[in-house]
Structures are given as C-alpha cells and as structure tokens.
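The primary structure of each chain is shown beneath.
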Amino acid sequence: MNNESEYIPHNHYREYTPDEMQQRAKDFYQDVRRRRTVREFSEKPIPEDVIAWCLKAAGTAPSGANQQPWHFVAVGDPVVKHQIREAAEKEECAFYEHRAPEAWLDVLWDLGTHAQKPFLDHAPCLIAIFAQKYGIDTHGNKIKHYYVKESMGIATGILINALHHVGLVSLTYTPSPMDFLNKILRRPSNEKAFMILVAGYPKKDVTVPNISKKALEEIATFV
Ligand code: IYR
C-alpha cells in the first residue's frame with residue numbers, strides 16, 4: 001500500500017485571473033468539441049513515445065483510495081492485432097445475429113455499425129484497458145479496490161483527451177464479452193477488460209455520423 005499520510009505543499013497549482021479563466025474555459029471547449037469518434041483508420045504509424053506520454057497522462061487520473069486500478073496494453077504488433085480482430089468479430093457476429101435485442105439494434109442503425117471490425121487491423125495502436133477488480137499483495141492476498149468503474153472512466157476520459165490533444169483520433173470499442181483479451185494479452189484473472197481504445201490517424205476523407213451534443217440547458221442545472 002502507498003503511504004501517503006505525509007502532506008506536501010501543492011506547488012504546481014496555478015490560479016488564473018477571471019478573464020484568463022473565461023478565455024481558457026472557452027478555448028478548452030472549442031478544442032474538445034472538435035473531437036469525433038471515427039471508425040476508419042489510416043495505417044500511418046504513430047510517432048514513437050506519443051502513446052507512452054498519453055498513457056502517463058491517463059495515469060494521473062484520480063482513483064478510489066489512489067489505488068490506480070488500471071493496466072493499459074498498447075498493441076502495435078500486427079499479428080496480435082489480428083488475433084484480437086478475429087476474436088472480437090466472433091463475438092460481434094453472435095451479437096448482431098442473435099444476442100442483441102431488436103431495440104438495441106434499432107439505436108445502432110443510425111451508426112451503421114456491423115460485425116466486421118477492419119479497424120482492429122488497420123489502426124496502428126489498440127489500447128486494451130484493463131480494470132483491476134481487486135489487487136494482490138506480496139503474500140498473494142486479495143486487496144479490495146474501491147470505485148473501480150468510476151476510476152476507469154476518469155482515466156479513460158483523460159486518455160481520450162490526451163490522444164485528441166496530440167492530433168490522434170480514437171474509437172471507444174467494447175465487444176462483449178471481452179475475456180478473450182485476457183487470453184491473447186496474457187493478463188491475470190484479477191483484471192477485467194474495460195474497453196479497447198483504438199488509436200491512430202483517421203482514414204483519408206473519413207466521414208462521421210451527423211450527430212449533435214445536447215445543449216447546456218439539457219445537461220446542466222445551476223442552483
Ligand atoms: N459492440 C458492437 C455494438 C455497438 C454498441 C454500441 I452501445 C455502440 O455505440 C456501437 C456499437 C459494435 O462495436 O459493433
């Protein structure tokens with residue numbers, strides 16, 4: 001366990017003037033609103049270390065009791081990517097053919113998704129994100145992890161934004177079930193795949209669904 005009972009000055013905090021804050025809030029919004037999930041990737045490789053820096057950013061996320069219950073596997077090896085594609089498409093075929101209820105297929109219709117997942121071969125990097133359901137101490141005893149899903153969501157959100165920040169695009173991809181990832185990537189049984197974040201450059205002339213985000217009045221209330 002970490003011993004973080006010692007407190008240190010928060011020397012890295014920066015305060016901005018109200019004007020600067022307003023400008024920064026708008027600039028940040030204008031930048032993140034350009035992010036779009038894409039489903040077609042170019043095979044162009046990602047410069048070295050960029051994914052590693054983005055993962056370091058994700059690793060700064062707050063987590064329950066600072067347990068950092070995540071593990072990221074960045075897959076660039078074409079052979080391993082193809083194994084993941086084959087296993088994922090097997091699950092997707094079952095999903096589209098008989099597992100998904102009609103109502104679910106109806107809401108997916110507009111997105112035009114289907115069981116074929118060529119992006120798993122094409123994209124230069126598949127980031128398999130694992131949640132550590134519990135930890136294991138040096139004696140092999142289980143350690144309870146708190147707020148695992150919340151922690152995973154926050155870290156993944158930071159990762160998505162880090163990738164966007166460096167000019168990459170991503171796809172949040174969740175075939176179900178995902179236990180094939182433990183097997184292919186040899187991850188231990190205390191870890192459960194949370195998501196595959198597909199990362200890379202968009203295919204030339206890629207298109208995205210014509211969807212919009214809810215207005216502030218719909219998503220927020222000020223009391
Ligand atoms: N995993 C499937 C189905 C799917 C589900 C949701 I919710 C989406 O937003 C998109 C797809 C697939 O990737 O095709």
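It should be emphasised that the depicted structure is a prediction, and the values quoted were computed from it without experimental measurement.

A. Local environment of helix 3 (residues 78–99). Here helix 3 spans 29 Å end to end across 22 residues, near enough to the 32 Å set by a 1.5 Å rise per residue. All of the buried residues in helix 3 are V80, K81, I84, R85, A87, A88, E89, E91, E92, A94 and F95. Its side-chain oxygen 2.8 Å from the backbone nitrogen of V79, D77 forms the N-cap of helix 3.

B. Looking closely at the state of the cysteines. Going through the model one piece at a time under the given rule, you end up with zero disulfides. Take C125: it sits in no disulfide, and the sulfur closest to it among the cysteines is that of C54, at 9.5 Å.

C. Representation of the sheet that holds strand 2 (residues 125–132) in the model. One open sheet accounts for four strands, arranged 1-2-6-5; its pairing is antiparallel. If you trace the sheet from one side to the other, it starts and ends with strand 1 (70–75) and strand 5 (169–173), each paired once. On average, adjacent strands in this sheet sit at an angle of 25° to one another, irrespective of strand direction. Here strand 5 runs beside strand 6 (residues 191–200); their pairing, made up of five bridges, is antiparallel. Opposite Y173, over in strand 6, you have I196 as the bridge partner. Seen against the sheet, helix 2 (residues 50–58) touches strand 1, strand 2 and strand 6 and runs at an angle of roughly 165° to strand 1.

D. A look at the packing of aromatic side chains. Applying the stated criterion across every chain yields a total of three aromatic pairs. Centre to centre, the rings of F95 and Y96 are 5.0 Å apart; their planes meet at 85°, and the pair counts as edge-to-face. On the accessibility criterion, F95 (11% relative accessible area) is buried. Ring centres 4.8 Å apart and planes at 85° place the aromatic pair F95 and W104 in the edge-to-face group.

Cut-offs applied
- Residues numbered from 1 in each chain as written.
- Predicted model: local features only at pLDDT ≥ 70, side-chain atom pairs only at ≥ 80, totals over all residues.
- Heavy atoms only, no water.
- Helix = DSSP H or I, 4+ residues; strand = E, 2+ residues; numbered from the N terminus.
- Expected span 1.5 Å × (residues − 1).
- Buried < 20%, exposed > 50% of the residue type's maximum accessible area, 1.4 Å probe, protein only.
- Polar contact = N/O pair within 3.5 Å; in protein donor to acceptor, adjacent residues only side chain to side chain.
- Disulfide = S-S within 2.5 Å.
- Pairing = 2+ DSSP bridges.
- Axes fitted to C-alpha atoms, helices over the stretch in contact; angles between N-to-C directions.
- Contact = heavy atoms within 4.5 Å.
- Phe/Tyr/Trp six-rings, centres within 6.5 Å; stacked < 30°, edge-to-face > 60°.

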